[in-house]
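Letter by letter, the chains look like this.
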Amino acid sequence: MSGDISTVLPTYTEQQAIAPQIAGRNGSTPGYLEYPKDLPQTVAAPPGKGSSFTCMVPTWSGVKSGSNDFTQALDEALGAKLTYQMTTGNDYRDKQAAVLASPDDVADWVSVFGWDPPARFDQAVESVFQDLTPFLAGDKISKWKYLANLPTAAWSFGVIKGKLYGIPVPGEIVTDAIFHRADMFGAAGVEAPKTPDEFLEVCKALTAPDQGRWACNDMATAAPNLMFGAPPDWRVKDGKLEYRWETQEYRDALEFQRELFDKGYVHPDVKADTGDAKQRFQAGQVAIHYDGVGAWGEMVKQLATSSPEAKIAPMSGLSASGTPIRYAGSPANFFSFLKKSDDPSRIEELLGIADYLAAPFGTKEWEVASYGKEGVHFTRGADGVPQPTDLLEEQHPGVLGTLVTGPLAKYDFTNPEFVKEYCEWQAAETEHMQEGPFYGRQIVRPAEYATLDQPMYDLEKDVVRGRKSMEDFDAAVTTWRSSGGDRMREYYESVRQQLDA
């Protein structure tokens, strides 16, 4: 594995169709508060040549595979026919592993989870998928301006064994947050905490079991990551790799969570592993909830109807040490691969289609891929904002964003104030951002270590709930090391040395 991958990465060329009202900072997502009055048509002609392609994709919607008005309109715009092989998201990785074992069955265009590729994926890539280096490296990507507009860090995530294989779907640099019900905090006369001690004081003020209210949901990932600054996996300490479980920050976070449970600040359904955490938060049964940043807007919309007095906001500046630490999210949420072909023109046709689908916010191409056909899938409001019809929800496959998208953009034209709050909070969080030692590199964990961490995750729940002790945790860390953790460290150290070479 070569440390220098600059020669295989595409040359970045910015293509901004519409300037954002809120610029991104340090990699944060830019915000748009107004819908463009005139959306430019930026792709002169359909990129396809009339070919048909199959796309293997995960789905979380009820829309079924098959042709409909939306897919037909998109195919017309693309100049090619895309057929979607959809598998439920929870089953997708296993289905994909089975398909990759039989290369003849692989689709022409395949979406892969950036955070959880199939086992031995790096071994399958070379035999199944097209090396895109000859097509996209350096200035060669200039033929596809919107692919060239994708961040370099996202492209680097698709480099495997020194060659460029994956087309990225860019990911948020800030991925999660500890949210709080600001209305409930105000009623209790407390402010959002900045330290673990303040967090405990706030929890005491918010907890009232006789009123059916507790301070928080499970803080299992929130406390170590966002309060104590533990790494999500590896970090470098004193020149050597140290894993999450081995850090003092992670251990401190476990003891902190034990105190939350011991003092009765956590909703009892958490300990019983029952109920829905998000529903508890929205219903006001708890005032503090950990979630991904994508959930913020969804919760705001739902509460606007059911509880308009509710106010949700993420906490800022939480830190056990006085200096907040945030680890940067993966530069790519998904990445996609093209099946090997002896016909370069077929690969170029697919890259042209990918280029169209990577058109940025504010272009006609983006609008077609997002909303379909005007008068059929959407109408326009007085301000030009598309108003989806029922047919859009029934027909949009909802899977294009697992294959390729343009650069991230935040918009919600029904609630521009939320966009402002979101972008400003995220930009502030990036001031504390760190990158792990393997940030932006696709390092597939060897299969022999695939299940090594699960016993630790299981023990984590028992320890914080008081069913196991901290001594049990310390013993488990020793077992983790002897059962493969130290060997895995040696493997990643060798990878790190190659990357630094």
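None of these values were measured; they are calculated from a predicted model. (Residues numbered from 1 in each chain as written. Predicted model: local features only at pLDDT ≥ 70, side-chain atom pairs only at ≥ 80, totals over all residues. Heavy atoms only, no water.)

Caption draft 1: Structural detail: the packing of aromatic side chains. Evaluation of the coordinates by the stated rule reveals 39 aromatic pairs. When the centroid spacing of 5.9 Å and the interplanar angle of 80° are considered together, the rings of W366 and Y371 count as edge-to-face. According to the relative accessible area criterion, W366 is buried, its value standing at 11%. Grouped by ring-pair contacts, the aromatic residues W234, Y243, W245, Y250, F438, Y457, F473, W480, Y491 and Y492 constitute a single cluster. Looking at K410, its charged tip hangs above the ring of Y422, at a distance of 4.2 Å from the centre. (Phe/Tyr/Trp six-rings, centres within 6.5 Å; stacked < 30°, edge-to-face > 60°. Buried < 20%, exposed > 50% of the residue type's maximum accessible area, 1.4 Å probe, protein only. Lys NZ or Arg CZ within 6 Å of the ring centre and 35° of its normal.)

Caption draft 2: A look at the environment of P314. Structurally, the position occupied by P314 is in strand β13 (residues 312-314). Linking P314 and D291, residues 23 residues apart in sequence, is a C-alpha distance of 9.7 Å. Look past the residues within four positions of P314 in its chain and what remains in contact with it is A177, I178, F179, H180, W296 and W425. (Helix = DSSP H or I, 4+ residues; strand = E, 2+ residues; numbered from the N terminus. Contact = heavy atoms within 4.5 Å.)

Caption draft 3: Structural view of the nonpolar core. Formed by 55 residues in total, the largest nonpolar core has its most connected members in W109, L147, I167 and L357. Elements represented by at least two residues in this core include exactly β2 (52-59), α1 (69-78), β3 (81-88), α4 (133-136), α13 (344-357) and α14 (364-371). The contacts of L357, once residues within four sequence positions are left out, are L74, L78, W109, A369, L400, V404, T405 and G406. In terms of nonpolar packing, the next biggest core, distinct from the first, is built from 52 residues, A215, F228, I443 and Y492 among them. (Core = buried A, V, L, I, M, F, W, Y, C linked by side-chain atoms within 4.5 Å.)

Caption draft 4: Representation of α14 in the model. Taken as a whole, α14 has its buried residues at E365, W366, E367, A369 and Y371. In the core, the buried residues of α14 are packed alongside α1, α13, β16 (378-380), β17 (386-388), α15 (390-395) and β18 (410-411). A positive backbone phi angle near 80° is found at G372, which sits one or two residues after α14.

Caption draft 5: Representation of the pairing of strand β15 (residues 332-338) in the model. Of all the seven residues making up β15, six are buried; the element is thus mostly covered by neighbouring parts of the structure. Note that strand β4 (residues 109-113) and β15 share five bridges and pair antiparallel. Bridging across to β15, V110 finds its partner in F337. Alignment of strand β7 (residues 167-170) against β15, held across four bridges, turns out to be antiparallel. Bridge pairing links V169 to F334 in β15. (Pairing = 2+ DSSP bridges.)

Caption draft 6: Highlighting unusual backbone geometry. Of note in the backbone geometry, D238 takes a positive phi value of approximately 55° without being a glycine. Note on placement: D238 falls in the loop between β10 (234-237) and β11 (240-243). A relative accessible area of 74% means that D238 is categorised as exposed.

Caption draft 7: Here's a closer look at the pairing of β11. Both β10 and β11 contribute to a ladder of four bridges, which runs antiparallel. Within β11, the position partnered with V236 by the bridge is L241. Counting the residues between successive antiparallel strands, the hairpin from β10 to β11 contains two residues, one of them, D238, with a positive phi of roughly 55°.

Caption draft 8: Region of the structure containing the pattern of salt bridges. Tallied over the entire structure, the rule returns 27 salt bridges. Note that R465 and D218 form a salt bridge whose closest N and O atoms lie 3.1 Å from each other. Note that R465 is positioned in the loop between α17 (454-464) and α18 (470-500) and D218 in the loop between β9 (214-216) and α8 (222-227), a separation of 247 residues in sequence. Residue classification places D218 among the partly exposed positions, given a relative accessible area of 24%. The partner of E421 in a salt bridge is K311, and the shortest N-O contact between them spans 3.0 Å. Pair noted here: E421 is in helix α16 (residues 416-429) and K311 is in the loop between α12 (294-306) and β13, with a separation of 110 residues, a long-range link. (Salt bridge = Lys/Arg side-chain N within 4 Å of Asp/Glu carboxyl O.)

Caption draft 9: Structural detail: the packing of helix α7 (residues 196-206) against helix α9 (residues 248-262). At a closest axis distance of 11 Å, the pairing of α7 and α9 adopts a crossing angle of 10°. The angle between α7 and α9 falls in the class roughly parallel. Crossing angle aside, the handedness with which α7 passes α9 is right-handed. Of the residues in α9, those touching α7 at P196, F199, L200 and C203 are F256, E259 and L260. Here the contact of α7 with α9 is composed, by residue class, of six nonpolar, no polar and one charged. (Axes fitted to C-alpha atoms, helices over the stretch in contact; angles between N-to-C directions. Parallel < 35°, antiparallel > 145°, perpendicular 65-115°, else oblique. Left-handed = near helix turned anticlockwise from the far one by under 90°. Nonpolar A, V, L, I, M, F, W, Y, C, P; charged D, E, K, R; others polar.)

Caption draft 10: Expanded view of the layout of surface pockets. Its boundaries defined by the atoms lining it, the second largest pocket holds a volume of some 710 Å³. If you trace the second largest pocket, you find 37 residues lining it, with G27, S28, P30, P151 and P407 closest to the centre. Looking at the lining of the second largest pocket, the elements that each hand over two or more residues are α5 (152-156) and β19 (433-434). Broken down by class, the residue content of the lining of the second largest pocket amounts to 21 nonpolar, 12 polar and four charged. (1 Å grid on protein atoms, 1.4 Å probe; cavity = no way out; pocket = protein on both sides within 12 Å on 5 of 7 lines; lining within 4 Å. Points joined across faces, edges and corners; volume = space filled by probe spheres on them.)

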